[in-house]
Amino acid sequence: MFLTLGTTGTPERPATDLGYLLHKHPDKSQAFSTSYGTAHVFYPEADAERCTAALLLEVDAVALVRRGKGKGRGGAPDAALAQYVNDRPYAASSLLAVALSGVFSSAMRGMCAAKPELPGQERQLRVEIPALPARGGPGLVRALFEPLGWRVSARPVALDARFPQWGASRYVSLVLESDTLTVAETLRHLYVLLPVLDDAKHYWVSPDEVDKLLRAGAGWLPDHPEQKLITSRFLSRRWSLTRQAMERLELVRLAETDDSEVEDIDNAVGAEAETEEKPTPLAVQRREAVITALTRTGAARVLDLGCGQGQLVQALLQNPRFTEIVGVDVSMRALTLASRRLKLDRMGERQACRVQLLQGSLAYTDTRLKGYDAAVLSEVIEHLDLPRLPALEYAVFGSARPRTVLVTTPNVEYNVRWESLPAGHVRHGDHRFEWTRQEFRAWAAAVAERHGYDVAFVPVGPDDPEVGPPTQMAVFEMSPTGGKHATAEHGHAGDEKHATGDNANAENANADNANNANNANNANAKNMNETNMNEKNVNEKEATAA
């Protein structure tokens, strides 16, 4: 992992002043220990006209696994090879950003005791990063750096130069140039924007990351056109932290506009505003409904199929009645985020024994998923193409066969109540379909019929009298008979249930009686045949004796 920062100078303002600004002597090569390897600082060139400082970060792949998502007790998602074979030692990421802040901490704060006039001087600067992961491509790189006064060259790196038809990779070779920025501003830009472009962090994002972002973003982030994207990605898309940071950035912007202090703007909000009750987010209501349904069924060992970033797993862990919780997702990135959310690498032994994260596709049968009390498919089925639903159905209901299965999915009829959702649009760009209540119930009833389950339907969220609830949930419970299911209404808390009714039981009883009668007739017939045969044998013996 490599980065260079260079500048030019004159005899009056020599380029070697860069050594004072970075607090690293140009004639020395220095090494600094980090949590995940060793950072080397050296100067490939250093004279009055040109001076370039290089930062080389050697990443210890084993330390990265042990201290990060791969730390034992089930802390790593189920992809052992990806822990060791990845781009982390080579591509600029949050590892390099953390090394920058550690090695050049004084320079980032604009401190230089030897020459205090230097930190405020604008200089001709050039930054080169040979391999930078850019989720968003060269266009996003320019959108992030150009508003800050950089001239940007972001050349896509080919997947393989020998096979140009494969196209470009997600990496770019980056060159930044500017005549109007200071060294401290440069380091702060890189500290924030490198992990933003990578859209990942190697450590758990805690609330103090908001303070780090605001310190490094002081003077440029409040007015940046991509402020929301930068904030969200830097904070690993944690909604609560992102909202907190955006509110504080807005206060900074208002204070600068009014030429006043942030505290004065913040105190202008009345105390009564803090007491206003905020509506419970639908995602929270959905998790509460799932946990309530699981509690009613008495489930202790639970599968969260399509667990995403682990919100439901986290909520289940807070309830001691759930003794084993397994999160499954096909996305390695989602499992990594879930591991960080759950803090598996710092979790106590007893708690860690209750949770496990597995990588797997729900379109295939998986023996690891058998034997559990319940499985949850929360907002999952709508992300599959309709032709693939039968494969998921068999993998869950036919192969894994937990005693209880909970399925939640959006109610498309409720979409007209979302003011911000354009007509005819689905709620999420990745949704392949969204069902009406009738369509969902028809699908669920057919699944229950095929696999021997009873199914009940529960509204989640406000139940609108015209269009129904925003989320619909089906509660499948394995039928005691495992036979065919008749449809019956079950009026409990607004639920509708398709179950085995009295008529079906009566039919089964009649069938059993008929079978018993047939068996009795067959037994009588057999006895009569044996009696006749005995009589015939006796007559034959008497005739022979005569």
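Thresholds applied
- Residues numbered from 1 in each chain as written.
- Predicted model: local features only at pLDDT ≥ 70, side-chain atom pairs only at ≥ 80, totals over all residues.
- Heavy atoms only, no water.
- Pairing = 2+ DSSP bridges.
- Helix = DSSP H or I, 4+ residues; strand = E, 2+ residues; numbered from the N terminus.
- Axes fitted to C-alpha atoms, helices over the stretch in contact; angles between N-to-C directions.
- Contact = heavy atoms within 4.5 Å.
- Parallel < 35°, antiparallel > 145°, perpendicular 65-115°, else oblique.
- Left-handed = near helix turned anticlockwise from the far one by under 90°.
- Nonpolar A, V, L, I, M, F, W, Y, C, P; charged D, E, K, R; others polar.
- Buried < 20%, exposed > 50% of the residue type's maximum accessible area, 1.4 Å probe, protein only.
- Right-handed = clockwise from strand over helix to strand, strands pointing away.
- Salt bridge = Lys/Arg side-chain N within 4 Å of Asp/Glu carboxyl O.
- Lys, Arg positive; Asp, Glu negative; His and termini not counted.
- pLDDT = per-residue confidence, 0-100.
- Phe/Tyr/Trp six-rings, centres within 6.5 Å; stacked < 30°, edge-to-face > 60°.
- Lys NZ or Arg CZ within 6 Å of the ring centre and 35° of its normal.

The subject of this paragraph is the sheet that holds strand 7 (residues 168-181). Spatially, the 7 strands line up as an open sheet ordered 2-3-4-1-5-7-6, and their pairing is antiparallel. For this open sheet the edge positions go to strand 2 (30-34) and strand 6 (151-158), each flanked by a neighbour on one side alone. Along the sheet, successive strands turn relative to each other by an average axial angle of 15 degrees, direction set aside. Here strand 6 pairs with strand 7 via 7 bridges, running antiparallel. Note on strand 7: the bridge partner recorded for P156 is V172. Of the strands in this sheet, strand 6 and strand 7 are in contact with helix 6 (residues 137-145), which crosses strand 6 at around 160 degrees.

As a further point, take the packing of helix 6 against helix 7 (residues 183-198). Running from N to C, helix 6 and helix 7 cross one another at 155 degrees; their axes reach a closest spacing of 11 Å. Between helix 6 and helix 7, the interaxial angle falls into the category roughly antiparallel. Considering the relative orientation of helix 6 and helix 7, their crossing is right-handed. Residues L140, V141, L144 and F145 of helix 6 lie in contact with helix 7, whose contacting residues are L190, L193, V196 and L197. Class assignment for the residues of the contact of helix 6 with helix 7 results in 8 nonpolar, no polar and no charged.

The element strand 12 (residues 404-410) is extensively covered by neighbouring structure, given that 7 of its 7 residues are classed as buried. Side chains of strand 12 alternate between two faces, with T404, L406, T408 and P410 and V405, V407 and T409 buried alike. Inspection of the sheet shows strand 11 (residues 374-378) paired to strand 12 by 5 bridges, in the parallel sense. Considered in strand 12, the bridge of A375 is made with V405. Note on the crossover from strand 11 through helix 17 (residues 389-400) to strand 12: the handedness is right-handed. Across 7 bridges, strand 12 lies against strand 14 (residues 471-478) in antiparallel orientation. When the sheet's bridge partners are listed, V405 is paired in strand 14 with F476.

Turning our attention to the packing of helix 4 (residues 94-103) against helix 7. Direction vectors running N to C along helix 4 and helix 7 enclose 155 degrees, while the axes themselves pass 8 Å from each other. In terms of orientation, helix 4 and helix 7 fall into the roughly antiparallel class. Where helix 4 crosses over helix 7, the two elements pack in a sense that is left-handed. Contacts between helix 4 and helix 7 involve S94, L96, A97, L100 and S101 from the former and L187, L190, Y191, L194 and P195 from the latter. Taken together, the residues that form the contact of helix 4 with helix 7 break down as 8 nonpolar, 2 polar and no charged.

Tallying each qualifying case throughout the model produces 23 salt bridges. For E45, the salt bridge is made with R50, and the minimal N-O distance between the two is 3.5 Å. A relative accessible area of 28% means that E45 is categorised as partly exposed. On the basis of relative accessibility, which here comes to 40%, the residue R50 falls in the partly exposed class. Across the salt bridge formed by R233 and D199, the nearest N and O atoms sit 3.8 Å from each other.

This part takes up the side chain of D304. Following the sequence through the fold, D304 ends up in strand 8 (residues 301-305). In this structure, D304 is buried with no salt-bridge partner, the nearest side chain bearing the opposite charge being R287 at 9.0 Å. Residues contacting D304, with those up to four places away along its chain left out, are L312, V313, V326, G327, V328 and V376.

Chain-level pLDDT for the chain is 82 on average; 79% of the residues reach the 70-or-more range. Note on residues 69-79: pLDDT under 50 across the span, and 37 contacts to partners over four residues away in sequence or across chains.

The next subject is the packing of aromatic side chains. One pass over the structure, following the stated rule, counts 10 aromatic pairs. Ring geometry for W435 versus W443: centroids 5.6 Å apart, planes at 40 degrees, classification tilted. Assigned by exposure class, W435 and W443 land together as buried. Chaining the aromatic ring pairs together yields one cluster made of F433, W435, F440, W443 and F457. Here R301 stacks its cationic end above the ring of Y372, 4.2 Å away from the centre of that ring. Sitting over the face of the ring of F457, R441 holds its NZ or CZ atom 5.6 Å from the ring centroid.

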